[in-house]
Amino acid sequence: MSNPYVPLLFLLAIGGGFAVFSVGAAAVSGPKRYNRAKLDAYECGIEPTPQAAGGGRVPIKYYLTAMLFIIFDIESVFLYPFAVAFNQLGLFALVEMVLFILTVFVAYAYVWRRGGLEWD
Amino acid sequence: MPAMTVLSAPALATAFKPADVDYSAIAPMLIVIAGALIGVLVEAFAPRRHRHVIQVSLALVSLVAAFVVLVTVSADEAHRGGTLAQAVIIDGPALFLQGAILLMAALGVLTMAEKFGGQGADAFTPMGAAVPGSPHEAAALRAGLATSEVFPLTLFSVVGMLLFPAAGDLLTMFVALEVLSLPLYLLCGLARRRRLLSQEASLKYFLLGAFSSAFFLFGAALLYGYAGSLYLADIATAVRAANGALEGLLLPGVVLVLVGLLFKVGAVPFHSWTPDVYQGAPTPVTGFMAACTKVAAFGAILRVVYVGVEANRWDWRGGVIAVAALTMVVGAVLSVTQTDVKRLLAYSSIAHAGFILVAVLAFDRTGVSGTMFYLVAYGFTTIAGFAVVSLVRQGGSEASHLSQWAGLGRNHPVVAGVFAFLLLAFAGIPLTSGFAAKYAAFAPAISFGGRSGVALVIIGVLCSVITAFVYVRLIVLMYFTEPPAGEVVVAETASPFTTVAITIGTLVTLVLGILPAQVLDLAERSSQFLVK
Amino acid sequence: MTGLGEQIMFWILAPISVLGALGLIFAKKAVHAALGMALVMINLGIFYIAQEADFLGIIQIFVYTGAVMMLFLFVLMLVGVDSSDSLVETLKGQKWAGALLILGLAALLFTAIGRAQFGPMKGLSSVNESTGNVSGVADLIFGKYVWTFEITSALLITAALGAMVLAHRERIGAKPSQRAWSERRILENRNVAGLPAPGVYARSNAVDTPALLPDGTPSELSVSRVLTAREQNVAPARHIESEHDIEHEIEEGSQR
C-alpha cells in the first residue's frame, strides 16, 4: 500500500493547477480595455492610513476577547484526550471532567454577566 | 505512520486506575475552592450593592470553616500520608503550615474589607481598567463600583498556598505555585491610590515571577531526567542510589528549583522585586502577601530540601548558606536607608527571609519546627503591621513616607504604640514573638548546623542589631520628633474588621513572646515530614 | 534510529528555528520579534510530531502557535505596532553585565549537564503502539495527575477574572436603546428623521466622508463626532474632482 498522503498530494496538485489555469486562461482570452476607474480599488470603508488611530495601538477589547478564547481553547485541549480515551476511563474521569467544565463555566458565567462578551 | 496511530487509538495496555482520594485530607482545600467559585458566581449574579458584604462574609466563612475542618482532620492520624496518587502529602508540617495560612489569610481578608465609610473596599480601585485619573475612573467611583473580585482572587491564592507546602511531586508544586502567584499579580495592580505605582508593581511582579517559574520548571525537568519521576519521594530514592551516569543533571536541577522557590520568599539575589511590589501593592494585600506567601514558599522549600534532595545536600548547601548570609546582610543594611515605611518593611521582610533560611539549613527536625514557628510569629506581626500602615493617612491617602510619621505618637498614642510594639517584635526584643522566633530559628542552627550554622547565627544576630536600630529610629521618630508642618497626619478610625485584625495580630505577637511553649510544642510535634 | 527523512527535516528546520529565536531577541520592532517566536513554536510542534509525540505536537501548534501567539500579538498591538524598544540603559553597563552573566550561567549549565551520560534513546513508538499516544496522555491526566488537572481550572478562572478586572471597562449606566434614541429625537424635535447618512461617491463610500448638502457643502452631521475630533474625516472635494476626471477618461476610452 502506498503512502496514505499521496491522494492529498494529488488533490493539492489538481487544485493548484486549476487555479493557475483559470487565471491564465482569463488573461489570455479576455478583451483588455483599461481606464483609471477600472484599475482603481473601490474603497468601501475608511481609507487606510500609515499610522492607525491612537498611535498604532489596538483597543484593549481585542485583548479581552483573545484571552477568553485562550481559556476555552485550553479547556478543549483537555477535552480531546478525554474524548479519545473515554471508553477506558470510566465514571471517575467523567465526574472529574464534568467538575472541570463546571468550574470553567463559572468563569464563563462571570464574563457573560459582566458584559465581557458584548462588543458595543 | 504517526498520524494513523491517533485515528486507530489503541486501548490502554493496563486498565485505567483512578487515583485514590482521601476527601477529608483535602477537605480544607476543597472548601476554599468552593468559597472562591461561589465568590465568582456572586460577582456574576448578585446585585452590586450587596457584593461587598456577601464576598467578605463568604471569604471569612470559608477560611474559618476550612480551618475548623483542618483541625478536626488533623486529630485523626488515619488521614495522614499521600493522597490523590501521592500528589498531595498531608503530614505534620503540611497541616501546621496550612493552618497558619488559613488563619493569616482570614486576618488578611479582614484588613482588605476595610471601607472607611466608603462604598467599596477602601484599598482597591473602583475600576481597574479605567485610565488612572481619568473621568471614567471618577465616574466609576461616583457610581459606587468596586473591585470586589479581590476576595475570590484572594481565596484562589490561598488554595495555591495550601497546596504548595503539601505538594508531593514537582508538577503539583509548580501548578500550586502558579495558582498562588497569579491572583497576587492581579491584586498588586488594583490599589486605589497611586495607581501607576501599583500597576508598575503588578507588572514587575508578574514578569519576574514568570521568569522565576521558568527557572523552577527547568530545574524540575532536569530532576525528572535524573530520577525518571517527578515525585519527591522517587527523587530522594534516586539521589540515594546515586547512579553515576546522570549525576550531571542533579545539581543543576536542584539549584534551579531552589532559585524558583527562593524568589518567592524574596531571598537575595532574587529579591529585587520585593521593595517595589510591597510599596506599590494595596497595603492590605502587601500584608497578606508578605505573611502567607512566605509561609507557603518556605513550606515548599522545606519539603523539597528535607524530603527530596536532602541526601546530596553537601553539594548545594554552600550556595544556600551564601544566599542566607547575603539575604540577612542586604536586607538589614538596605533597610537603614529607606525613607518609605512600606519599603522599609519590605527590606525587613527580606532580612527575615534570611533568618528563616538559617533555620532551614540546620537539617534537623528542630530546624523544621523552628522555621514553622518563625513563620507563624512573623506572619501575624506582619499582617498587623501593614494594617497599621494602612490606617495612617494624610489628605485621604496613605502617608507612607517616613517624615510623615514624625510625631504620630503624640496625636495617636494607641496606633503608634501598637506599631512600636510590632516593630520591637520585628527587631526580636524579648517579650515579643520575634525573640522567641529568633531563638527557635537560631538554636537548631547552632546545635546541628556545624561551623557554618554558627557563622550564620553570628551574622543573623549582627543583622538583627542593625534592623533593631532602624526600628528604634522609627519609634523615636514617632514619639520624640515634632510633627511636620502642613496638613496633619491622622490615623483613621478603623472599622471593626481592621481593629480585629490588628488586635489579633498584636495579641499573637505578645502571647507568642510570653508563652511560646504551646505553639513551639505543636510545631515540634508536627515537624516530621512523611515521604508517602 | 532517526530515519533519513527525519534527518533531512531536522537539518532544514533546526537552522530556521535558530534564526527565528535570534530574530526574537534582536528584532528592533516588537511585532517582528513576535513573528520570530511564532516561527520557533511552529517548528517545535513539527519536531514533537517527528518524535512521535503527535498529541503534544498538535497542541503546540493549536494552543501555543495559534492562541498564545495571538494573545502575544495583541499585547504588542496594545503597546503600539510601530513602537520599538528604547535602547537607553537606565543602569550603566547593565547590558554587558547581563550578557556576561548569561554566558556564565550557560557555561555552567552546559558543563554540568554535559557530564550526564544518557542511555540509548527509547522513543515513543512502543508506547504509541501499546497504549496509544492520546490515550496515554489521558491516562496520566485522569490518573496520576488528576489533582493537578482539576487545580488548573482555578488558574483558568483566575485568568478570566484577571482579564476582566484589568481590561474590561464596565458600562456605567445602561446603554440607550434605538427606541430611546428616537424618542429623545422626537421630544427634542431635532433631526426627527434621523441623522443624514455619510457620503456615497463613485470611488468611495465610507463613514469618514461627509455627505454633500444641496448647496454642495459637506454636512457635519453625517459623520461621527469622534472621527471629526480626531481629524480623520476626508474632505469630499477630491472625490468630486476625480469623478469628473474619470468621466472624462471613460469618454476618451470609448472614443478610442
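Scroll up a little and you will see the structure.
Residues numbered from 1 in each chain as written. Chains lettered and ligands numbered in written order. Predicted model: local features only at pLDDT ≥ 70, side-chain atom pairs only at ≥ 80, totals over all residues.

1. Observations regarding the overall build of chain C
A tally of regular secondary structure across chain C gives ten helices and zero strands. Order of helices (α) and strands (β) in chain C, N terminus to C terminus: α-α-α-α-α-α-α-α-α-α. Its C-alpha atoms give chain C a radius of gyration of 30 Å, clearly above 18 Å, the size a compact globule of 256 residues would have. Over its C-alpha atoms, taken along the principal directions, chain C stretches across nearly 90 × 55 × 50 Å. Expressed as a percentage of the 256 residues in chain C, the buried residues total 26%. Intrachain contacts of chain C at a sequence separation of at least 6 include 45% that bridge at least 24 residues. (Helix = DSSP H or I, 4+ residues; strand = E, 2+ residues; numbered from the N terminus. Rg over C-alpha atoms; globule rule 2.2 N^0.38 Å. Buried ≥ 20, exposed ≤ 12 C-beta atoms within 10 Å, placed from the backbone. Contact = placed C-beta atoms within 7 Å.)

2. Concerning unusual backbone geometry
The amide bond that connects V268(B) to the next residue, P269(B), takes the cis arrangement and shows omega of 5°. Relative to the helices and strands, P269(B) is located in the loop between α10 (247-265) and α11 (273-280). The phi dihedral of L84(B) is positive, around 55°, even though this residue is not glycine. Locating L84(B) in the fold gives a position in the loop between β1 (81-83) and β2 (88-90). C-beta crowding within 10 Å serves as the criterion here: with 22 such atoms nearby, L84(B) is assigned to the buried category. Even without being glycine, E52(C) reaches a positive phi, approximately 70°.

3. A short note on the interface of chain B and chain A
Taken residue by residue, the interface counts twelve residues in chain B and 14 residues in chain A. Tallied by class, residues from the side of chain B that touches chain A come to eleven nonpolar, no polar and one charged. (Nonpolar A, V, L, I, M, F, W, Y, C, P; charged D, E, K, R; others polar.)

4. Focus: helix α3 (residues 54-79) of chain C
Residues and elements named next belong to chain C. Compared with an ideal rise of 1.5 Å per residue, which puts 26 residues at 38 Å, α3 spans 36 Å between its outermost C-alpha atoms and is within 8% of the ideal. Remark: the principal bend of α3, roughly 30°, maps to M69. Listed in full, the buried residues belonging to α3 are D54, F55, G57, I59, Q60, T65, M70, L73, F74, L76 and M77. (Expected span 1.5 Å × (residues − 1). Bend = angle between axes of the 7 residues up to and from the residue.)

5. So, the packing of helix α6 (residues 150-163) of chain B against helix α7 (residues 170-188) of chain B
Residue and element names in this part refer to chain B. α7 packs onto α6 with a crossing angle of 155° between their chain directions and a minimal axis gap of 8 Å. Considered as vectors, α6 and α7 are oriented roughly antiparallel to each other. Where α6 crosses over α7, the handedness of that crossing is left-handed. Contact residues: V150, L153, T154, F156, S157, V159, G160, M161 and L163 in α6; T172, A176, L177, V179, L180, P183, L184, L186 and L187 in α7. (Axes fitted to C-alpha atoms, helices over the stretch in contact; angles between N-to-C directions. Parallel < 35°, antiparallel > 145°, perpendicular 65-115°, else oblique. Left-handed = near helix turned anticlockwise from the far one by under 90°.)

6. Quick look at the environment of P93(B)
Residue and element names in this part refer to chain B. Within the element layout of this structure, P93 appears in helix α4 (residues 92-112). C-alpha of P93 to C-alpha of D122: the two residues are 29 residues apart in sequence and 36 Å apart in space. Among all residues touching P93, those that are not within four sequence positions of it are P165, G299, L302, V368, M372, S526, S527 and F529.

7. Section: the sheet that holds strand β3 (residues 392-394) of chain B
Residue and element names in this part refer to chain B. One open sheet holds the three strands; their spatial order is β4-β3-β5, and the pairing between them is antiparallel. Here the strands that pair on one side only, and so sit at the sheet edges, are β4 (397-398) and β5 (490-491). Sheet topology note: the β3/β4 ladder contains two bridges and is antiparallel. Note on β4: the bridge partner recorded for Q394 is S397. (Pairing = 2+ DSSP bridges.)

8. Observations concerning the nonpolar core
Residue and element names in this part refer to chain B. With 261 residues, the main nonpolar core has I101 and V159 as its most contacted residues. Ranked by residues supplied to this core, first place goes to helix α12 (residues 283-308) with 17 residues. When sequence neighbours within four positions are dropped, the list of residues in contact with I101 reads V158, M161, L162, C292, V295 and A296. (Core = buried A, V, L, I, M, F, W, Y, C linked by C-beta atoms within 7 Å.)

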